[in-house]
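# Secondary and tertiary structure notes
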Amino acid sequence: MDYIFQILGPLLDGTAVTLQVFLLTLVLAVPLGLALALVRVSHFRAASTLVSGYIWLMRGTPLMLQMLFIYFALPFVPVIGVRLPDFPAAIVAFTLNYAAYFAEIFRSGIQSVGRGQYEAARVLGLSYGQTMRRIILPQVVKRILPPMSNETITLVKDTSLIYVLAMNDLLRAARGIVQRDFTTMPFVVAAAFYLIMTLVLTWGFLYLEKRHAVYED
Amino acid sequence: MIAARDLRKQFHGVEVLKGVSLDIGKGDVIAVIGPSGSGKSTFLRCLNHLETIDAGDIAIEGETLASTDAAGVCRYVPEAEARRICRKMGMVFQQFNLFPHMTVLQNIIEAPITVKGMSRDAILPKAEELLRKVGLLEKRDAYPSRLSGGQKQRVAIARALAMEPDIMLFDEPTSALDPELTGEVLRTMRQLAEEHMTMLVVTHEMNFARDVSTAVVFMDQGEIIEARPAGEMFSDPRHPRTRCFLEHML
Ligand SMILES: Nc1ncnc2c1ncn2[C@@H]1O[C@H](COP(=O)(O)OP(=O)(O)OP(=O)(O)O)[C@@H](O)[C@H]1O
Ligand SMILES: [Mg+2]
């Protein structure tokens, strides 16, 4: 027991890093994903195709590769080449990657709303923007809660990938102690931490689903 | 109120409207009847720009929505203006298309607030009056999924009326309803007609067409075959196709 308290400090520090990556990615990737989805379903053919290509690229290559690219290779790319410190590099990679996944969730949500809703809004005089904001997206929120729940739980676990940039997230902190003390206890504690985080998320989403259950489609 | 001249419309090379013309005057209640696939819905949807016509002219209350020049090029007025012009028409769909995430009251006040910029306080009395009129005041806070088909359709009518349209378009408003629920919707529509609302109603309800409408339009294969006062149309259809259709319906 004493041992657990002893290793709690570094593991909590690691958890703080994990949570930072998680929260920042969520806050940045959700709006970006929504914007991408709106372009994707719009009638601007060229822009829509471009977004499709982007989504294909981001979902078709490993997140770890993207992160390594942004950290190590981006500085050498002409024009846009910048050298990012490890934390911003991780956030940029996670945001760009998760925005693609969120965009697909938003897109399928938007496209699952029937044509009749657009037509009803239109004959009432709502513009396309008003229709999206007032009629379509509020219904989309309800429909995408289950896949969003999945995706955010995956995100919590994916944060452990930042170890390749030598950042001390929860998993890397645990591994460090394991290698130092020759005991697997830190892994068990780390697993418990991950489970608590995903449990909180699961509850949060269940609460949201319940709140949206006041109406049926 | 509505002047439609020689409307043409194709879907994937198939001509669905083959030059449809119709004038609708103030207070007219026009029933559009005809076999399935004859283009009734398409005609209605072209009038309020849910579909775009390939050729022809549409003017709503004297304002041009679409026109075709001598070279045969059909042009619409700019989108914002088209939306303003089309706001003079309310529309009721066969499938109701209520907003499921909003209560009955929210459905009704949404467009006046969002489109007209009215305050909630300003529209509330009007919304409640409309709900009373369609007999659903006690359902104001219910979600659409809790309503029967007939109730949904009456909400849809109230929602359209909340925008104070001059013309109401109905596309088979009772076709999705169980027979015992059509009466309440037809009663609401009849009441509207008695208040001299200008109405264009696509319907299979021959009794409604005969008793309520001022004129009946018979469409078949993308054309208006006959347009006559309601009484005449039913007692003395001129065209053989009209006669054949009416014999099947009555
Ligand atoms: N969006 C569309 N795309 C392709 N074809 C269409 C479309 N809408 C209608 N059509 C076709 O146009 C023709 C006329 O359809 P429309 O819905 O106007 O007929 P209707 O008279 O309203 O028939 P009903 O009584 O069955 O409602 C039909 O052959 C239909 O298949
Ligand atoms: Mg139809």
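Report follows, based on the coordinates. (Residues numbered from 1 in each chain as written. Chains lettered and ligands numbered in written order. Predicted model: local features only at pLDDT ≥ 70, side-chain atom pairs only at ≥ 80, totals over all residues. Heavy atoms only, no water.)

### With respect to the nonpolar core
With 100 residues, the main nonpolar core has L11(A), F94(A), L7(B), F43(B) and L200(B) as its most contacted residues. The element best represented in this core is helix α4 (residues 86-111) of chain A, accounting for 13 residues. (Core = buried A, V, L, I, M, F, W, Y, C linked by side-chain atoms within 4.5 Å. Buried < 20%, exposed > 50% of the residue type's maximum accessible area, 1.4 Å probe, protein only. Helix = DSSP H or I, 4+ residues; strand = E, 2+ residues; numbered from the N terminus.)

### Describing empty space enclosed by the protein
In the structure shown here, the tally under the stated rule is 2 cavities of 30 Å³ or more. Lining the largest cavity are R122(A), V123(A), G125(A), N48(B), H49(B), A82(B), R83(B), C86(B), R87(B) and M89(B). Considering each element in turn, the lining of the largest cavity owes the most residues, 3 residues, to helix α2 (residues 79-86) of chain B. Grouping the constituent residues of the lining of the largest cavity by class yields 4 nonpolar, 3 polar and 3 charged. (1 Å grid on protein atoms, 1.4 Å probe; cavity = no way out; pocket = protein on both sides within 12 Å on 5 of 7 lines; lining within 4 Å. Points joined across faces, edges and corners; volume = space filled by probe spheres on them. Nonpolar A, V, L, I, M, F, W, Y, C, P; charged D, E, K, R; others polar.)

### Some details on the site of ligand 1
Residue and element names in this part refer to chain B. Surveying the vicinity of ligand 1 reveals 13 residues, the closest of which are S36, G37, K40, S41 and T42. Within the backbone of S38, one N or O atom sits 3.2 Å away from an oxygen atom of ligand 1. One of the side-chain N or O atoms of S41 is found 2.6 Å from an oxygen atom in ligand 1. Counting residues per element, the shell around ligand 1 draws most heavily on helix α1 (residues 40-47), which supplies 3 residues. Taken together, the residues of the shell around ligand 1 sort by class into 3 nonpolar, 8 polar and 2 charged. (Near = heavy atom within 4 Å. Polar contact = N/O pair within 3.5 Å; in protein donor to acceptor, adjacent residues only side chain to side chain.)

### Quick notes on helix α1 (residues 2-41) of chain A
Between its terminal C-alpha atoms α1(A) stretches 56 Å, which fits the 58 Å expected from 40 residues at 1.5 Å a residue. Its maximal kink placed at L8(A), α1(A) deviates by approximately 40°, while the proline P10(A) follows within four residues. (Expected span 1.5 Å × (residues − 1). Bend = angle between axes of the 7 residues up to and from the residue.)

### So, the interface of chain A and chain B
Put simply, an interface is often sized by how much accessible area is lost when its parts join up. Of the residues lining the interface, 21 residues belong to chain A; the matching set on chain B comes to 26 residues. Regarding the contact of chain A and chain B, the summed buried area is about 2,200 Å², with carbon and sulfur atoms giving 60% of it. The largest share of the area that chain A buries against chain B comes from R122(A), V123(A) and L124(A), three residues that together contribute 31% of it. Inspection of the chain A/chain B interface yields 4 salt bridges. Summed over the shared surface of chain A and chain B, the number is 9 residue pairs in polar contact (both at pLDDT 80 or more). Listed by contribution, the elements that provide at least two residues to the side of chain A that touches chain B are α5 (115-123) and α6 (128-158) of chain A. A total of 8 residues in the side of chain A that touches chain B trace back to one element, the largest contributor, which is α5(A). In the side of chain A that touches chain B, the residues fall into 9 nonpolar, 6 polar and 6 charged. (Contact = heavy atoms within 4.5 Å. Buried area = accessible area lost by both parts, 1.4 Å probe. Salt bridge = Lys/Arg side-chain N within 4 Å of Asp/Glu carboxyl O.)

### Some thoughts on the sheet that holds strand β2 (residues 14-24) of chain B
Residues and elements named next belong to chain B. Judged by pairing direction, the sheet is antiparallel, and its 5 strands sit side by side in the order β2-β1-β4-β5-β6 without closing on themselves. Because the sheet does not close on itself, it has two edges, and the strands there are β2 and β6 (74-76). The sheet shows a mean angle of 20° between the axes of neighbouring strands, direction not considered. The sheet contact formed by strand β1 (residues 2-11) and β2 spans 8 bridges and is antiparallel. (Pairing = 2+ DSSP bridges. Axes fitted to C-alpha atoms, helices over the stretch in contact; angles between N-to-C directions.)

### Here we look at the environment of I123(B)
Residues and elements named next belong to chain B. Mapped onto the elements, I123 comes out in helix α4 (residues 120-133). In sequence terms I123 and I109 are 14 residues apart; their C-alpha atoms lie 6.6 Å from each other. Contact partners of I123, with chain neighbours within four places excluded, come to I109, P112, I113, M118 and A162.

### Overview of the layout of surface pockets
By rolling a water-sized probe across the atoms, one finds the places where empty space is left. Put simply, the largest pocket is a space of about 560 Å³. Residue lining of the largest pocket: 21 residues in total, with H43(A), Y118(A), E119(A), R122(A) and Y128(A) positioned closest to the centre. The set of elements that each furnish at least two residues to the lining of the largest pocket consists of α1, α4, α5 and α6 of chain A together with α2 of chain B. For the lining of the largest pocket, the element with the highest residue contribution is α5(A), accounting for 4 residues.

### As for the environment of R175(A)
Residue and element names in this part refer to chain A. With respect to the helices and strands, R175 occurs in helix α7 (residues 170-181). With a relative accessible area of 35%, R175 lands in the partly exposed category. Sequence separation between R175 and A190 is 15 residues, and the spatial gap between their C-alpha atoms is 9.4 Å.

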